[in-house]
Amino acid sequence: MRLSANSIEFSTFPLLINTPSHFHRSLSTFSLSAKQIVSGKQKVLLYTQNLGQRSGLQSRASMNLAKELPVNMNLYPDIDPYSSGSLKVSDIHTLYWEQSGNPNGHPVVFLHGGPGGGTSPTNRKFFDPEFYRIILFDQRGAGRSTPHACLEENTTWDLVDDIEKLREHLNIPEWQVFGGSWGSTLALAYSQSHTDKVTGMILRGIFLLRKKELDWFYEGGAAAIFPDAWEPFRDLIPENERGNFISAYSKRLNSKDLETQYEAAKAWTKWEMMTAHLLPNEESIKRGDIDMFSLAFARIENHYFINKGFLPSDSFLLDNIDKIRHIRTVIVQGRYDVCCPMMSAWDLHKAWPEAEFKVIQDAGHSANEPGIAAELVAATEKLKNILKANGISQV
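Residues numbered from 1 in each chain as written. Predicted model: local features only at pLDDT ≥ 70, side-chain atom pairs only at ≥ 80, totals over all residues. Heavy atoms only, no water.

Trainee: When you look at the overall build of the chain in this model, what are you seeing that I'm missing?
Mentor: A count of helices and strands for the chain gives eleven helices and 13 strands. The proportion of buried residues among the 395 residues of the chain is 58%. Restricting to contacts in the chain with at least 6 residues of sequence separation, those with at least 24 account for 70%. Entry remark: accessible area of the chain is about 16900 Å², with carbon and sulfur atoms responsible for 53%. (Helix = DSSP H or I, 4+ residues; strand = E, 2+ residues; numbered from the N terminus. Buried < 20%, exposed > 50% of the residue type's maximum accessible area, 1.4 Å probe, protein only. Contact = heavy atoms within 4.5 Å. Areas by Shrake-Rupley, 256 points an atom, 1.4 Å probe, with all protein chains shown as cover.)

In structure tokens:
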């Protein structure tokens, strides 16, 4: 465990040096533990590296001391896509996709939140555009994908299949996966289904789509922290229907009357936007007033939540961690995340101690909060440096 001014790091991080072809498959594991030496204003971090073989529980033997490479933690400048297009993934759905950065760089796919949130240009800024080939796409019914806010043929497993179809369409053998909030859910489901296609993962604001998480946010738990934001969400629903807010909102979001849909969608979306930051973010809150955004966001989220994420069991994603235990992964979690409270990230950390776990002490849920954004960039940089150390800088 490593402490800093605004984060705690729990690190048992797989690192391969000079391994053949499939560099992301762990043959050995390095555990990094820090000793901080301070001289004036300079800080030097020395790390003890322990090398060991996996056999059930990992055993480690001391090896040598090495300095950690300095890591950039600043968002990269705005960039434009060098290509974009549409991909028909079913008789109903067509996805918008785009690529930016280095066309010959290491591929990374960004999985947006919601579900239904769509992508934005700022999502490209977490990645070094000289190293990464950055792929963004809007999931079914979201953003620029069509038909807008459509719930038909829209399940977790449809999206998992879509990711594979996009990978094949872009002729990408394997890629790094980056996902936050619902994007972390989808990243786990995808990687557990296609373990050989994932070179590494960065997960933020962990959401495992369990009943206790949905009950916390939509059935009154989070209201204890944000009662002012909760009351408008609550008051749209008559008292006799308040036993299950997800179900009550489902009736309105699927109403034949479009105005009823919009009213419910705005209330649903504003509740989440008002709770997504440690400090209020007016720009985020205003998104709840945008009809097109809020309709897709609320309808698709509610559709997934009322169907329990289309997962076979409540603990499905945790139960299948063994399938992805070998994949190099960084988990970034805001300590005061109200939307996806830290209990889920902690449960994932306990089930998967091999993944590096960063807790941001002064942050809530949003990827755009300074502390979270910095650690997300640092995570992409760490995986970049490991790839470079293995001689993989371009494809």
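Anyway, onward from the coordinates.
Trainee: Can you walk me through the environment of Ala367 in this structure?
Mentor: With respect to the element layout, Ala367 can be found in the loop between β13 (356–360) and α11 (370–389). Note: C-alpha distance between Ala367 and Gly205 (162 residues apart in sequence) is 8.2 Å. When neighbours within four sequence positions are excluded, Ala367 is seen to be in contact with Phe126, Arg204, Ile372, Ala373 and Leu376.

Trainee: Is there a simple way to explain the side chain of Asp337 in this structure?
Mentor: Topologically, Asp337 is positioned in the loop between β12 (329–334) and α10 (342–351). Here Asp337 sits buried without a salt bridge, and the closest side chain of opposite charge, Arg204, lies 5.4 Å off (N-O distance). Reaching out from Asp337, the side chain makes a polar contact with the side chain of Gln333 at a distance of 3.4 Å. Reaching out from Asp337, the side chain makes a polar contact with the side chain of His365 at a distance of 2.7 Å. Every residue in contact with Asp337, bar those within four places of it in the chain, is listed here: Gly205, Met342, Ala363, Gly364 and His365. (Lys, Arg positive; Asp, Glu negative; His and termini not counted. Salt bridge = Lys/Arg side-chain N within 4 Å of Asp/Glu carboxyl O. Polar contact = N/O pair within 3.5 Å; in protein donor to acceptor, adjacent residues only side chain to side chain.)

Trainee: What exactly am I supposed to notice about helix α5 (residues 245–253) here?
Mentor: One turn of an α-helix holds 3.6 residues; hence residues three or four places apart share an orientation. For α5, the tally of buried residues reaches seven of nine residues, placing the bulk of the element in the interior. Residues of α5 that are buried: Phe245, Ile246, Ala248, Tyr249, Ser250, Arg252 and Leu253. The N-cap of α5, judged by a side-chain oxygen 3.2 Å from the amide nitrogen of Ile246 a few residues on, is Asn244.

Trainee: Hey, could you run me through helix α6 (residues 258–275) in this one?
Mentor: Compared with an ideal rise of 1.5 Å per residue, which puts 18 residues at 26 Å, α6 spans 26 Å between its outermost C-alpha atoms and is within 8% of the ideal. When we look at burial in α6, the residues that qualify are Gln261, Tyr262, Ala264, Ala265, Ala267, Trp268, Thr269, Trp271, Glu272, Met273 and Thr275. Where α6 is buried, its residues meet α3 (211–218), α4 (227–235), α5, α7 (282–286) and α8 (291–306). (Expected span 1.5 Å × (residues − 1).)

Trainee: Got a minute to help me understand the environment of Gly205 in this structure?
Mentor: Structurally, Gly205 is set in the loop between β11 (198–204) and α3. Gly205 gets classed as buried once you look at its relative accessible area, which sits at 1%. Beyond its immediate stretch of four places on either side in the chain, Gly205 contacts Ser181, Ser184, Val332, Gln333, Asp337, Cys340 and His365.

Trainee: Teacher, can you tell me more about the packing of α5 against α8 here?
Mentor: Describing two packed helices takes the angle between their axes plus the distance from one axis to the other. Two elements in contact, α5 and α8, have axes separated by 10 Å at closest approach and are oriented at 135 degrees. The angle between α5 and α8 falls in the class oblique. When the axes of α5 and α8 are compared, the crossing they make is left-handed. Here Ile246, Ser247, Tyr249, Ser250 and Leu253 of α5 lie close against α8, whose contacting residues are Ala298, Arg299, Asn302, Phe305 and Ile306. Of the residues in the contact of α5 with α8, the class split is six nonpolar, three polar and one charged. (Axes fitted to C-alpha atoms, helices over the stretch in contact; angles between N-to-C directions. Parallel < 35°, antiparallel > 145°, perpendicular 65-115°, else oblique. Left-handed = near helix turned anticlockwise from the far one by under 90°. Nonpolar A, V, L, I, M, F, W, Y, C, P; charged D, E, K, R; others polar.)

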